[in-house]
Amino acid sequence: MSNELKGQVAIVTGASRGLGKGIALVLAEQGADIVLNYLSNDQEAQNAKDEILPFGVKCVLAKSDVGTAEGVKSLFKVLDEHFDRLDILVNNAGTSRAENIFEITEESWDFILDTNLKSMFLVSKEAMERMKQRKYGRIINMSSVVAHQGALYGHVHYAATKGGILGFTKTLARTAAPLGITVNAIAPGIIATELLYKTHGDDGVNKLAANIPLGLGEPRDVGLATAFLAGEGGKYITGICLDINGGMYMRP
């Protein structure tokens, strides 16, 4: 693996496990220092840090709820205490609940929107304040295949956020371009994460995987795509959604 991102600093939100951890590992493998944001599980976050450090990079933990303004302030306080720059932001924090519209409460709706969408607005705004000073930055937002085709079973709050992320990404890309900042989205398909098994169960995951030409994806697959957009390959790419779904959904 190259050291293409050596010397750069990346924030990855929701990175103690699953997709976020997979992304942080690949960015570190390519030389980036990592600010690893997480919500609650200290042991999982420490385990992720322990996997990152052998790449010879710096990794600092930032425990905060990025769905709140106070949590974002705390995240960037950690950044500023350890680094004097921010090159890469990966807005990965997200979750879902196995509910259909008849089961979703107002509290549940607000929780999913705050976690998945409001966090992206708050963190991106703060990140761009720093990136624009240096006329450089890469922002990568985690959407989902459900943004294109809708969720298959319930999860309407989750699908609404992931669709909203695409509109957010395209619009922000136009604002960011004159500032030297690219903004792109990635839409993973069915990736083997803890959240996937929690929300769909083993039988549900097996059923989904059976219809994917390349089979079930791994967090590293998404990490490699993220690193591409963060590296030289993403220099002239902005406002796109890169589909990482193993052929599960083929857009025209």
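Refer to the preceding data block for the structure.
Residues numbered from 1 in each chain as written. Predicted model: local features only at pLDDT ≥ 70, side-chain atom pairs only at ≥ 80, totals over all residues. Heavy atoms only, no water.

Brief notes about helix α4 (residues 106-134)
Then comes step 1: Look at α4: 41 Å from first C-alpha to last across 29 residues, which is about the 42 Å you get at 1.5 Å a residue.
Then comes step 2: Its maximal kink placed at Asp114, α4 deviates by approximately 45°.
Then comes step 3: One or two residues past the end of α4 sits Lys135, with phi positive at roughly 55°. (Helix = DSSP H or I, 4+ residues; strand = E, 2+ residues; numbered from the N terminus. Expected span 1.5 Å × (residues − 1). Bend = angle between axes of the 7 residues up to and from the residue.)

Let's talk about the environment of Glu44
Then comes step 1: Tracing the backbone shows Glu44 in helix α2 (residues 42-52).
Then comes step 2: Remark: the alpha-carbon pair of Glu44 and Arg17, spanning 27 residues in sequence, is separated by 6.8 Å.
Then comes step 3: Setting aside anything within four residues of it in sequence, one finds Glu44 in contact with Ser16 and Arg17. (Contact = heavy atoms within 4.5 Å.)

Examining the packing of α4 against helix α6 (residues 156-176)
Then comes step 1: With their axes 9 Å apart at the nearest point, α4 and α6 run at an angle of 15° to one another. With respect to α6, the element α4 is oriented roughly parallel. Two packed elements cross with a definite hand, and for α4 against α6 that hand is right-handed. Contacts between α4 and α6 involve Ser108, Trp109, Ile112, Leu113, Asn116, Leu117, Met120, Phe121, Ser124 and Met128 from the first element and Val156, His157, Tyr158, Ala160, Thr161, Lys162, Gly164, Ile165, Phe168, Leu172, Thr175 and Ala176 from the second.
Then comes step 2: When its residues are assigned to classes, the contact of α4 with α6 shows 14 nonpolar, 7 polar and 1 charged. (Axes fitted to C-alpha atoms, helices over the stretch in contact; angles between N-to-C directions. Parallel < 35°, antiparallel > 145°, perpendicular 65-115°, else oblique. Left-handed = near helix turned anticlockwise from the far one by under 90°. Nonpolar A, V, L, I, M, F, W, Y, C, P; charged D, E, K, R; others polar.)

Looking at the side chain of Thr13
Then comes step 1: Structurally, the position occupied by Thr13 is in the loop between β1 (9-12) and α1 (18-29).
Then comes step 2: Among the residues examined, Thr13 registers a relative accessible area of 1% and is labelled buried.
Then comes step 3: Here Thr13 is in contact with Asn37, Val66, Leu75, Val90, Asn91, Asn92, Ala93 and Val123, once residues within four sequence places are set aside. (Buried < 20%, exposed > 50% of the residue type's maximum accessible area, 1.4 Å probe, protein only.)

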